[in-house]
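# Topology and contacts: notes
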Amino acid sequence: LAVSLQLLHGDIEQIRREYSSVFSHGVSITRKLGFSNIIMPGEMRNDLYITIERGEFEKGGKSVARNVEVTMFIVDSSGLPLKDFISFGSGEPPASEYHSFVLYHNNSPRWSELLKLPIPVDKFRGAHIRFEFRHCSTKEKGEKKLFGFSFVPLMQEDGRTLPDGTHELIIHKCEENTNLQDTTRYLKLPFSKGIFLGNNNQAMKATKESFWITSFLCSTKLTQNGDMLDLLKWRTHPDKITGCLSKLKEIDGSEIVKFLQDTLDTLFGILDENSQKYGSKVFDSLVHIINLLQDSKFHHFKPVMDTYIESHFAGALAYRDLIKVLKWYVDRITEAERQEHIQEVLKAQEYIFKYIVQSRRLFSLATGGQNEEEFRCCIQELLMSVRFFLSQESKGSRALSQSQAVFLSSFPAVYSELLKLFDVREVANLVQDTLGSLPTIMHVDDSLQAIKLQCIGKTVESQLYTNPDSRYILLPVVLHHLHIHLQEQKDLIMCARILSNVFCLIKKNSSEKSVLEEIDVIVASLLDILLRTILEITSRPQPSSSAMRLQFQDVTVRSQNRWHMEKSFSHFKTLRTQHHVLPQGEFVACLLSLLRQMTDRHYQQLLDSFNTKEDLRDFLLQIFTVFRILIRPEMFPKDWTVMRLVANNVIITTVLYLSDALRKNFLNENFDYKIWDSYFYLAVIFINQLCLQLEMFTPSKKKKVLEKYGDMRVTMGCEIFSMWQNLGK
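Every value quoted in this text rests on a predicted model; they were computed, and no experiment measured them. (Residues numbered from 1 in each chain as written. Predicted model: local features only at pLDDT ≥ 70, side-chain atom pairs only at ≥ 80, totals over all residues. Heavy atoms only, no water.)

## Looking at the overall build of the chain
Note the threshold: A run of H or I in DSSP counts as a helix once it spans at least four residues, and a run of E counts as a strand once it spans at least two, with each numbered from the N terminus. Residue exposure (1.4 Å probe, protein chains only): buried if accessible area is under 20% of the type maximum, exposed if over 50%, otherwise partly exposed. Note that accessible areas follow from Shrake-Rupley with a 1.4 Å probe, and for residues the cover is restricted to the protein chains shown.
Secondary structure assignment for the chain yields 31 helices and nine strands. Looking at the chain as a whole, 49% of its 729 residues are labelled buried. Looking at the chain as shown, the accessible area adds up to about 35,600 Å², and 51% of this sits on carbon and sulfur atoms.

## Regarding the sheet that holds strand S1 (residues 46-56)
Operational definition: The rule for pairing is simple: two strands pair if DSSP sees at least two bridges between them. Axes here mean lines fitted to C-alpha atoms, for a helix over just the part in contact, with angles spanning 0 to 180 degrees between N-to-C directions.
Here we have four strands laid out as an open sheet, ordered S4-S1-S9-S7, and antiparallel in their pairing. With partners counted over all chains shown, the strands left at the sheet margins are strand S4 (110-117) and strand S7 (165-170), one partner each. In this sheet, adjacent strand axes meet at a mean angle of 25 degrees when their direction is disregarded. Sheet topology places S1 next to strand S9 (residues 210-219); ten bridges connect them, and they run antiparallel. From the neighbouring strand, Ile52 faces S9, where its bridge partner is Ile213.

## Focus: the sheet that holds strand S5 (residues 128-136)
With antiparallel pairing, five strands are arranged side by side in an open sheet as S3-S2-S5-S6-S8. A strand with exactly one partner marks an edge of an open sheet, and here the two such strands are strand S3 (97-99) and strand S8 (172-173). By the bridge criterion, nine bridges tie S5 to strand S6 (residues 144-153) in an arrangement that is antiparallel. Bridge pairing in S6 places Ile129 opposite Val152.

## Observations concerning the side chain of Asp76
Quick note on the threshold: When charges are counted, neither His nor the chain ends are considered; positive counts come from Lys and Arg and negative counts from Asp and Glu. In what follows, salt bridge is the name for a side-chain nitrogen of Lys or Arg lying within 4 Å of a carboxyl oxygen of Asp or Glu. We call two residues in contact whenever any of their non-hydrogen atoms come within 4.5 Å of each other.
Within the secondary structure, Asp76 sits in the loop between strand S2 (68-75) and S3. At 6.8 Å, Lys123 is the nearest oppositely charged side chain to Asp76, a buried residue that forms no salt bridge. Once residues within four sequence positions are removed from consideration, Asp76 is found in contact with Leu82, Gly126 and Ala127.

## Comments concerning the layout of surface pockets
Using a probe with the size of a water molecule, rolled over the atoms, empty space left in the structure can be pinpointed. Put simply, the test is: Cavities and pockets are defined on a 1 Å grid built over the protein atoms alone: a cavity is a set of grid points where a 1.4 Å probe fits but cannot escape, while a pocket is an open set with protein on both sides within 12 Å along at least five of seven lines, and lining residues are those with an atom within 4 Å of any such point. Grid points are joined across faces, edges and corners, and a volume is the space filled by probe spheres set on the points. Gly is placed with the polar residues, together with every amino acid not listed as nonpolar (Ala, Val, Leu, Ile, Met, Phe, Trp, Tyr, Cys and Pro) or charged (Asp, Glu, Lys and Arg).
Empty space within the second largest pocket amounts to approximately 520 Å³. Taken together, 15 residues form the lining of the second largest pocket, with Leu8, Ile12, Ile15, Phe23 and Ile29 sitting closest to its centre. Tallied by class, residues from the lining of the second largest pocket come to eight nonpolar, four polar and three charged.

## Some words on the packing of helix H29 (residues 673-687) against helix H31 (residues 712-726)
Inclusion rule: Each angle receives one of four descriptions, namely roughly parallel if under 35 degrees, roughly antiparallel if over 145, roughly perpendicular if within 65 to 115, and oblique otherwise. By definition, turning the near helix anticlockwise from the far helix through less than a right angle yields a left-handed crossing, and turning it clockwise yields a right-handed one.
Contact pair H29 / H31: the axes reach a minimum separation of 9 Å and the direction vectors enclose 155 degrees. For the element pair H29 / H31, the angle class is roughly antiparallel. Once H29 is placed against H31, the crossing between them reads as left-handed. Note on element contacts: H31 touches H29 through Met712, Arg713, Met716, Gly717, Glu719, Ile720, Met723 and Trp724, opposite Trp676, Tyr679, Phe680, Ala683, Val684, Phe686 and Ile687. Here the contact of H29 with H31 is composed, by residue class, of twelve nonpolar, one polar and two charged.

## Brief notes about the packing of aromatic side chains
Here is the rule we go by: Stacked, edge-to-face and tilted labels apply to pairs of Phe, Tyr and Trp rings (six-membered ring for Trp) whose centres lie within 6.5 Å, assigned for plane angles under 30 degrees, over 60, and everything in between, in that order. Throughout this description, the term charge over a ring refers to an Arg CZ or Lys NZ atom that lies within 6 Å of the ring centre and within 35 degrees of the ring normal.
On inspection of all chains with the given rule, the structure shows 33 aromatic pairs. Aromatic side chains Phe151 and Tyr186 sit 5.3 Å apart centroid to centroid with 55 degrees between the ring planes, which places their arrangement in the tilted category. Pair noted here: Phe151 is in strand S6 and Tyr186 is in helix H3 (residues 183-187), with a separation of 35 residues, a long-range link. Using a relative accessible area of 1% as the deciding quantity, one classes Phe151 as buried. On the basis of relative accessible area, Tyr186 is assigned to the buried category, the value being 2%. Counting every residue linked through ring pairs, the aromatic cluster contains Phe57, Trp111, Phe131, Phe133, Phe147 and Phe211. Between the NZ or CZ atom of Arg66 and the centre of the ring of Phe147, over which it lies, the distance is 3.9 Å. The ring centre of Tyr351 lies 5.2 Å from the NZ or CZ of Lys354, which sits over that ring.

## Considerations on the confidence of the model for the chain
Heads up, the rule is: Looking at any residue, its pLDDT shows the predictor's confidence there, from 0 to 100.
Mean pLDDT over the chain stands at 86; residues scoring 70 or higher make up 90%. Every residue in residues 545-567 is under pLDDT 50, and counting partners more than four places away or in other chains gives 35 contacts. Counting contacts from residues 574-581, a segment whose pLDDT is below 50, to residues more than four positions away or on other chains yields 16 contacts.

## A word on unusual backbone geometry
The phi torsion at His105 lies on the positive side, around 45 degrees, for a residue other than glycine. Counting through the fold element by element, His105 comes out in the loop between S3 and S4. One non-glycine residue with positive phi stands out, namely Asn371, at about 55 degrees.

## A closer look at the pairing of S6
In terms of burial, S6 is largely enclosed, as seven of its ten residues are buried. In terms of strand pairing, S6 meets S8 through two bridges, oriented antiparallel. Paired with Gly148 across the strands is Lys173, a residue of S8.

## A closer look at the state of the cysteines
Our working definition: In what follows, a disulfide is any cysteine sulfur pair within 2.5 Å.
Within this structure, the stated rule accounts for zero disulfides. Here Cys504 is not disulfide-linked; the sulfur of Cys590 is the nearest cysteine sulfur, at 7.9 Å.

## Details of the nonpolar core
The following threshold applies: Here, nonpolar core means buried Ala, Val, Leu, Ile, Met, Phe, Trp, Tyr and Cys residues that are tied together by side-chain atoms lying within 4.5 Å of each other.
Counting 169 residues, the largest nonpolar core has Tyr355 and Phe587 as its most contacted members. Ignoring any residue separated from it by four or fewer positions in sequence, one finds Phe587 in contact with Leu486, Leu492, Cys495, Ala496, Leu499, Leu530, Thr533, Ile534 and Ile537. One finds Leu48, Phe149, Phe191 and Leu217 within the second-largest nonpolar core, a separate group that totals 38 residues.

Okay, here's the thing in structure tokens:
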């Protein structure tokens, strides 16, 4: 038997479109035996899989063993056989009964036949499966004599279905078909030798014959868990609600996610019924379910929760209780000795806010926007509580700093939810105030410092930060935290990533007022510390250039043709990640990006900002030293010509601005040998760079460089001459 296989990727509809030829000749679709990774709301499935395993039969007065055939029927609550609900295999027509194969003279036959019973949910209650056993005579062909039967109900009286697993069924003696027509006569009998459903022991002793089946239910609507059932049917037992909510945490996660939509409907139904009594219990249950979906096993169910919130959730009043209970927990963080449960709550904040926001939207739609001011006040008060809790120093309390870390890890995910109800500026101010409340002491807890920086990083990568209006509000707090970390030389890799993202978002467009203002803020906050960081990193030992060379090759090809500052960030990141080196490249790219976007006004403001000549002198010495580092031959791979030209263009532009400050402040009686020496030394090695010797280029390459940058040696040469003349005799 030759079998060929082909693996097709995509969902079934996509495969129908892309491989239509496959479906042209009677293909059958087989569903997974069990659930797929994601069950979407509205998906209906109710498949019971029965494996007819084996039997143990007596000879029944015969000298040889029997030839046993098993016939299986599904019988409904009224005693009639259900038609067409037995499937022998995918693609086969459904049947109303199943006949096993017959093993000749075998009282211990093993069949191991797997059957699928796709029985509708409404037919499940009261239905049972009946197995009839017949001896097939070899003498009288065609005669099949009934000698016994077994049965198993599909559902217990409390609504739980037949448990998954192997069941040992009792074989009841029966020789007349007519005895099976009235199902009420035998349904009162015990059916299993197992321990469930309180079978009486008398029947177990009465027969030595047994029949084994294995059942497995794959259902989106039926459960085998009694606690789950009690919760879903809470309206029939209102007195059990508190107990049901408490037991939710003990229910297996796979049962909860299977009935995710029904469970969430139940929780919000209970909240509507009596929020005063059940508010905190429902909140805790919701937190448990949200955190269950963080587990890698159930991570795929997050889209189910998202779809539920968007399309099925109907709790228009729920936001009040959710805000109230969340604030109650946040207010108690600083006093609580045990923080585990509070941390679970904080971990779930993204989805709690999703429910709050959707609930408020539903309320606004229903009432035409009533109580808007009250809602805004509630959110403001909640975030005030958060700010107080974040501003607390842990003072040796590891639990408090852990709670702060948990909050900060998931807080950026809340921004996009708040944007659905508030203006970008409002949200930016709320976020700025919250992040601004973080204590800036560096020696507190290193792990918390790293989480703080990650939170700042996620903020810069968020939708909120991409808007120029909100970005200008958030930028000072982002730069403040970056400055602290760079000053302490901590988490430099993360700082470099954040800084790269900050610059990638600033477009070079001098007419755009917001860009000029952002550059103002960055120059004032970061230029000085950025220079110091580059000096600090480059003074440390780096991997040899030959080790780096292999990694540069792939990057160079992409950098040759056109300069994109965004690309350079990612190139440097790749190199640093692969070699576990400090992020020198990203900081260099950030510095070049900042200097490229500075205008006359920015340079003038920068030079005016120094209070003393000593401060200005330190700055000039620092930037000249950094420039000398940038034009070292080993700074970039040999064939990164474009990168070198851009760096040189930025250096010469900046030097032209700074030479004016040199003339004004350090000539005649204020002459400073060290700073002038540093300036000329930089200028001379600049001119002598190999990458600027245009005579060595091909004619076409020389033409391109001259068109774009001119001969930078000439510009710098003129500047040297002019500055030398200024020195006088």
